[in-house]
Amino acid sequence: MRLRLALVQFARGEERRENLRRMLGLLSTLSGVELVSLPENWLGREVLGEEEWGEVLGALGEEAGRGRFSLLTGGAYLRRGRRIFSSCYALDARGRVVGRFDKLFPSQSIGERSFLRAGEWLGPLRLGGARVGAVVCVDALYPEPCRFLCSRGAQLLFNPSNIPENRVETWRHVGVTRAVENGVFFAFVNNTRTSYPDGRRVVGRSFLASPRGEILAEAGEEEAILEAAVDLSQLREVRSRWPFLRDARRFWRSAGSAPGG
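Caption draft 1: Seen up close, the overall build of the protein. Scanning the protein for helices and strands turns up six helices and 15 strands. Its C-alpha radius of gyration of 17 Å places the protein within 12% of the 18 Å reference for a compact globule of 261 residues. Projected onto its principal axes, the C-alpha positions of the protein cover 50 × 40 × 35 Å. In the protein, buried positions account for 54% of the 261 residues. Restricting to contacts in the protein with at least 6 residues of sequence separation, those with at least 24 account for 67%. Both charge centroids of the protein, one from 39 positive and one from 31 negative side chains, sit 6 Å from each other.

Okay, structure coming up:
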């Protein structure tokens, strides 16, 4: 089965409503894709309440329904009750919310742990005809969330991120490793032409890695929609040849604590 993906590498600006307007414009140009991912915090670093986020979801859902694609919203800082989480919501091709993926390990290095709560361990979802998981930004550096999702059937892992230039090469190595060790496709989706509060530049370079350890597609530093097709039938052959995921399940069963059951 072949699946057409679109990774939106977004040039984030300073004003949230303008970012939303521009993102909707980019999504309106898509045609013939089945699954789309946005980067982390493309709206900005502002914490959104339930009503504000509901408006964003409604607008994104309209575009997903119009274009008939499933959509991962990337990460956003969201207030649920008295707590703040970083979450990536999943919309189906009718624009309906079908689930979410939370950031499990807020970044220590940029101070997220001073205001963000760790989210829930939530399993993969069926989107665009595939079993999909998402690890938000720094969660990709932890092998456990990726293996948890893949042990429960994920065929694609998305990593919506906002990673600075001096860390992108690290992410490239990590993405290839996660793809190979779990026998999945791994998509890194980054912002571009923005910066961290400490001045470090965010310069895109989103990519898609295959379970064979190949980079199938990659973007430069410009704002772009990176489109690529994945052949999910490869997974059976790769996992048969390199049974890392199966061996990991066997290890965890023998240790009495298998991720994913």
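Caption draft 2: Focus on the nonpolar core. With 46 residues, the main nonpolar core has Leu 156 and Phe 158 as its most contacted residues. The element contributing the most residues to this core is strand S10 (residues 185-190), with five residues. Other than its neighbours up to four places away in sequence, Phe 158 contacts Leu 5, Leu 7, Leu 35, Ser 37, Leu 72, Val 132, Gly 133, Ala 134, Val 135 and Ala 187. By size, the runner-up hydrophobic cluster in this structure holds 27 residues, among which are Phe 10, Leu 27, Trp 42 and Ala 64.

Caption draft 3: Region of the structure containing the environment of Arg 212. Positionally, Arg 212 belongs in the loop between strand S13 (207-209) and strand S14 (215-218). Separated by 33 residues in sequence, Arg 212 and Ala 179 place their C-alpha atoms 7.5 Å apart. Once you skip the residues sitting within four places of it in the chain, Arg 212 turns out to touch Val 180, Gln 234, Glu 237, Val 238 and Trp 242. A polar side-chain atom of Arg 212 sits 3.1 Å from a polar atom in the side chain of Glu 237.

Caption draft 4: Structural detail: the packing of helix H1 (residues 16-27) against helix H2 (residues 50-67). Running from N to C, H1 and H2 cross one another at 15 degrees; their axes reach a closest spacing of 10 Å. On the basis of their axis angle, the class for H1 and H2 is roughly parallel. For the pair H1 and H2, the sense of crossing is right-handed. Across from Arg 16, Arg 17, Leu 20, Leu 24 and Leu 27 in H1, the residues of H2 making contact are Glu 52, Glu 55, Val 56, Ala 59, Leu 60, Glu 63 and Arg 66. Split into classes, the residues belonging to the contact of H1 with H2 amount to six nonpolar, no polar and six charged.

Caption draft 5: Structural view of the layout of surface pockets. As a volume, the largest pocket reaches approximately 260 Å³. Forming the boundary of the largest pocket are 18 residues, of which Ser 107, Ser 109, Val 138, Leu 141 and Trp 171 lie nearest the centre. Class assignment for the residues of the lining of the largest pocket results in eleven nonpolar, three polar and four charged. Around the second largest pocket, the lining residues are Gln 155, Leu 232, Ser 233, Leu 235, Arg 236 and Arg 239. The class makeup of the residues in the lining of the second largest pocket is two nonpolar, two polar and two charged.

Caption draft 6: Molecular detail of helix H3 (residues 143-151). Here H3 lies mainly inside the structure; seven of its nine residues are buried. Every buried residue of H3 is accounted for by Pro 145, Cys 146, Arg 147, Phe 148, Leu 149, Cys 150 and Ser 151.

About the thresholds
Position numbers for residues start from 1 in each chain and track the written sequence from start to end. Given that this is a predicted model, residues contribute local features only at a pLDDT of at least 70 and side-chain atom pairs are listed and counted only at 80 or more, while totals for whole chains, interfaces and linings are drawn from all residues. Heavy atoms throughout the structure, all of them, feed into the side-chain values; hydrogens and water do not. To qualify as a helix, a DSSP run of H or I must reach at least 4 residues; to qualify as a strand, a run of E must reach at least 2; elements of each kind are numbered from the N terminus. Each radius of gyration reported is based on C-alpha atoms, and the globular scaling rule is 2.2 Å times the count of residues to the power 0.38. Type-normalised accessible area, obtained with a 1.4 Å probe on protein chains alone, sets the label of each residue: buried when under 20%, exposed when over 50%, and partly exposed for intermediate values. Contacts: residue pairs with any heavy atoms within 4.5 Å of one another. Only four residue types enter the tally: Lys and Arg on the positive side, Asp and Glu on the negative side; His and the chain ends are excluded. In this description, the location of a charge corresponds to atom NZ of lysine, CZ of arginine, CG of aspartate or CD of glutamate. We define the nonpolar core as a collection of buried residues of types Ala, Val, Leu, Ile, Met, Phe, Trp, Tyr and Cys that are connected through side-chain atoms lying within 4.5 Å of one another. Throughout this description, a polar contact denotes any pair of N or O atoms lying within 3.5 Å of each other; where both atoms belong to protein, one of them has to be capable of donating a hydrogen while the other can accept it, and for residues adjacent in sequence the pair is counted only when both atoms sit in side chains. Orientation is described by lines fitted to C-alpha atoms, with helices fitted over the stretch in contact, and by angles between N-to-C directions that extend from 0 to 180 degrees. Should an angle fall under 35 degrees it is called roughly parallel, over 145 degrees roughly antiparallel, and 65 to 115 degrees roughly perpendicular, with every other angle called oblique. Crossing handedness: left-handed means the near helix sits turned counterclockwise from the far one by under a right angle, and right-handed means the same turn made clockwise. Only Asp, Glu, Lys and Arg are considered charged in this grouping, and only Ala, Val, Leu, Ile, Met, Phe, Trp, Tyr, Cys and Pro are considered nonpolar; every other residue, Gly among them, is considered polar. Think of a 1 Å grid over the protein atoms and nothing else: a 1.4 Å probe that fits but is trapped marks a cavity, an open set flanked by protein within 12 Å on at least five of seven lines marks a pocket, and residues with an atom within 4 Å of a point count as lining. Grid points are joined across faces, edges and corners, and a volume is the space filled by probe spheres set on the points.

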